[in-house]
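Observations on the three-dimensional arrangement
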Amino acid sequence: MSDKYKQPGLCNHYCANQCPIGQQYVPEIKIKELSQIVLEMLASLNSMNKQKDRLIEITADGKITDDELEDFIHIQEELERISITVETLQLWCEKMLDHGVIDVERYNAHRKCAKAEA
């Protein structure tokens, strides 16, 4: 149905709300405007940039002590927000490809080149 109706969000909606496994592991992604997605991503990346030294301090010894736990959970939540924002960007891109806003052939050609360079 997702392909037929050009609604890539249907797969995420099903997994997040109907599938028992997905309900446990897949967050529901809301379609947003590109500018909002980018701003959210930059805000999260900036926040993580400030917290990276603390994450190193917490994890350097391979243990998370009681006095480190609150900071660790906060950093983990910020990383989850980044993950959701990445998924949102991917969903936005799929929608633009499905609706012809982004040229599929050119997009795939650029992706193929980028993978070859990596």
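In this text the structure is predicted, and so the values were computed from the model without any measurement.

Remarks on the overall build of the chain
In terms of regular secondary structure, the chain is built from five helices and zero strands. Ordering the α and β elements of the chain from the N terminus gives α-α-α-α-α. Against the compact-globule benchmark of 13 Å for 118 residues, the chain has a radius of gyration of 18 Å, which places it well outside the compact range. By principal-axis analysis of the C-alpha atoms, the chain measures approximately 50 × 40 × 25 Å. A burial count over the chain gives 21% of its 118 residues as buried. Residue pairs at least 24 apart in sequence account for 48% of intrachain contacts in the chain once pairs closer than 6 positions are excluded. Put simply, the chain shows about 9000 Å² of open surface, and 55% of that area lies on carbon and sulfur atoms. Averaging the coordinates of the 14 positive side-chain charges in the chain and doing the same for the 21 negative ones gives two points 8 Å apart.

A word on the environment of A109
Counting through the fold element by element, A109 comes out in helix 5 (residues 104–117). Looking at A109, the relative accessible area reads 40%, which means it is partly exposed. Residues A109 and Q7, spaced 102 residues apart in sequence, show a C-alpha to C-alpha distance of 23 Å.

Describing the packing of helix 3 (residues 34–59) against helix 4 (residues 66–98)
Running from amino to carboxyl end, helix 3 crosses helix 4 at an angle of 150 degrees, the nearest separation of the two axes being 9 Å. With respect to helix 4, the element helix 3 is oriented roughly antiparallel. The crossing of helix 3 and helix 4 is left-handed. Looking at the contact of helix 3 with helix 4 residue by residue, the class counts come to 14 nonpolar, seven polar and eight charged.

What counts, and at which threshold
- Residues numbered from 1 in each chain as written.
- Predicted model: local features only at pLDDT ≥ 70, side-chain atom pairs only at ≥ 80, totals over all residues.
- Heavy atoms only, no water.
- Helix = DSSP H or I, 4+ residues; strand = E, 2+ residues; numbered from the N terminus.
- Rg over C-alpha atoms; globule rule 2.2 N^0.38 Å.
- Buried < 20%, exposed > 50% of the residue type's maximum accessible area, 1.4 Å probe, protein only.
- Contact = heavy atoms within 4.5 Å.
- Areas by Shrake-Rupley, 256 points an atom, 1.4 Å probe, with all protein chains shown as cover.
- Lys, Arg positive; Asp, Glu negative; His and termini not counted.
- Charge placed at Lys NZ, Arg CZ, Asp CG, Glu CD.
- Axes fitted to C-alpha atoms, helices over the stretch in contact; angles between N-to-C directions.
- Parallel < 35°, antiparallel > 145°, perpendicular 65-115°, else oblique.
- Left-handed = near helix turned anticlockwise from the far one by under 90°.
- Nonpolar A, V, L, I, M, F, W, Y, C, P; charged D, E, K, R; others polar.

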